[in-house]
Amino acid sequence: MATKRQRRKRRRRHGDAPPAQQRPSAVAADDAQRAKAARRRSVHLERPKAPWGDFPLSEIVIFVGVVLLVIGFFIPPPQGFVMIAVGLVLGSLAGLELSVREHFAGFRSHTLVLAAAIGVPVFGALFVATMIPTPICLGAGLVAFGGSAWFFTNAFRRRSGGALFRLRD
């Protein structure tokens, strides 16, 4: 004999979910989501174009940085030291520009490089310009690194269709 609960007819309210026969299964929904992400990822198969078009600005900046670096080794201090420093900064900035462009286009993840580009200057500025003890400067640099790494990881996930990283093809 049926219990009172079994005999009671369940009435659907307006906001209730449809019955199980009408809903897609979890496997089908997961497959549809993966297919959608794959379609988004397939768009980003080629390296993103530079904002300045085909002009080789990054390559020229890297070349100038290498020339300054090499010449700086043969010039006596303090001019030689300044040339070496400027050469390193120019080369680093050109590489960082490419990393930013590829990362935010969803082409390839450069999370650690970009996070280090935030954390290392924070540590360096606090260490050189203040009288704060070294462990506190290091902690501030690590906090900046961790926070920016979280931000860059989330940005890459949004741009790449959910991927955490992309390996070279």
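Quick notes on the rules
- Residues numbered from 1 in each chain as written.
- Predicted model: local features only at pLDDT ≥ 70, side-chain atom pairs only at ≥ 80, totals over all residues.
- Heavy atoms only, no water.
- Helix = DSSP H or I, 4+ residues; strand = E, 2+ residues; numbered from the N terminus.
- Expected span 1.5 Å × (residues − 1).
- Buried < 20%, exposed > 50% of the residue type's maximum accessible area, 1.4 Å probe, protein only.
- 1 Å grid on protein atoms, 1.4 Å probe; cavity = no way out; pocket = protein on both sides within 12 Å on 5 of 7 lines; lining within 4 Å.
- Points joined across faces, edges and corners; volume = space filled by probe spheres on them.
- Nonpolar A, V, L, I, M, F, W, Y, C, P; charged D, E, K, R; others polar.
- Phe/Tyr/Trp six-rings, centres within 6.5 Å; stacked < 30°, edge-to-face > 60°.
- Axes fitted to C-alpha atoms, helices over the stretch in contact; angles between N-to-C directions.
- Parallel < 35°, antiparallel > 145°, perpendicular 65-115°, else oblique.
- Left-handed = near helix turned anticlockwise from the far one by under 90°.
- Contact = heavy atoms within 4.5 Å.

K.L.:
Got a minute to help me understand helix α6 (residues 134–160) in this structure?
P.N.:
Along an α-helix, residues three or four positions apart point the same way, because every turn accommodates 3.6 residues. The terminal C-alpha atoms of α6 lie 38 Å apart, and with 27 residues this matches the ideal 39 Å at 1.5 Å per residue to within 8%. Among all positions of α6, only Cys137, Gly141, Ala144, Ser148, Ala149, Phe152, Ala155, Phe156 and Ser160 are buried. Phi turns positive one or two residues past the end of α6, at Gly161, with a value near 85 degrees.

K.L.:
Explain the environment of Phe73 to me, please; I cannot follow it from the model alone.
P.N.:
The topology assignment puts Phe73 in helix α3 (residues 57–74). On the accessibility criterion, Phe73 (59% relative accessible area) is exposed. Between the C-alpha atoms of Phe73 and Ile84, which are eleven residues apart in sequence, the distance is 7.1 Å.

K.L.:
Where do I start with the layout of surface pockets in this structure?
P.N.:
Rolled over the atoms, a probe with the dimensions of a water molecule shows which regions are left empty. If you add up the space inside the largest pocket, you get close to 290 Å³. Secondary structure elements with two or more residues in the lining of the largest pocket: α3 and α4 (79–104). Broken down by element, the residue count for the lining of the largest pocket peaks at five residues, all from α4. When grouped by side-chain class, the residues that make up the lining of the largest pocket number nine nonpolar, three polar and six charged.

K.L.:
Looking at this structure, I do not really get the packing of aromatic side chains. What am I missing?
P.N.:
What describes a pair of aromatic rings is the distance from one ring centre to the other and the angle between the planes of the rings. Within the structure shown, the criterion is met by three aromatic pairs. Ring pairs connect the aromatic residues Phe104, Phe151 and Phe152, which therefore count as one cluster.

K.L.:
What is the right way to look at the packing of helix α5 (residues 111–129) against α6 in this model?
P.N.:
When two helices pack together, their arrangement is given by the angle between the helix axes and by the axis-to-axis distance. It is at 8 Å that the axes of α5 and α6 come closest, and there the two elements cross at 155 degrees. In terms of their interaxial angle, α5 and α6 are classed as roughly antiparallel. The two elements α5 and α6 cross, and the hand of that crossing is right-handed. Taking contact as the criterion, the partners of Thr111, Leu112, Leu114, Ala115, Ala116, Ile118, Gly119, Val122, Phe123, Leu126 and Phe127 in α5 are, on α6, Thr134, Cys137, Leu138, Ala140, Gly141, Ala144, Phe145, Ser148, Ala149, Phe152 and Thr153. Tallied by class, residues from the contact of α5 with α6 come to 16 nonpolar, six polar and no charged.

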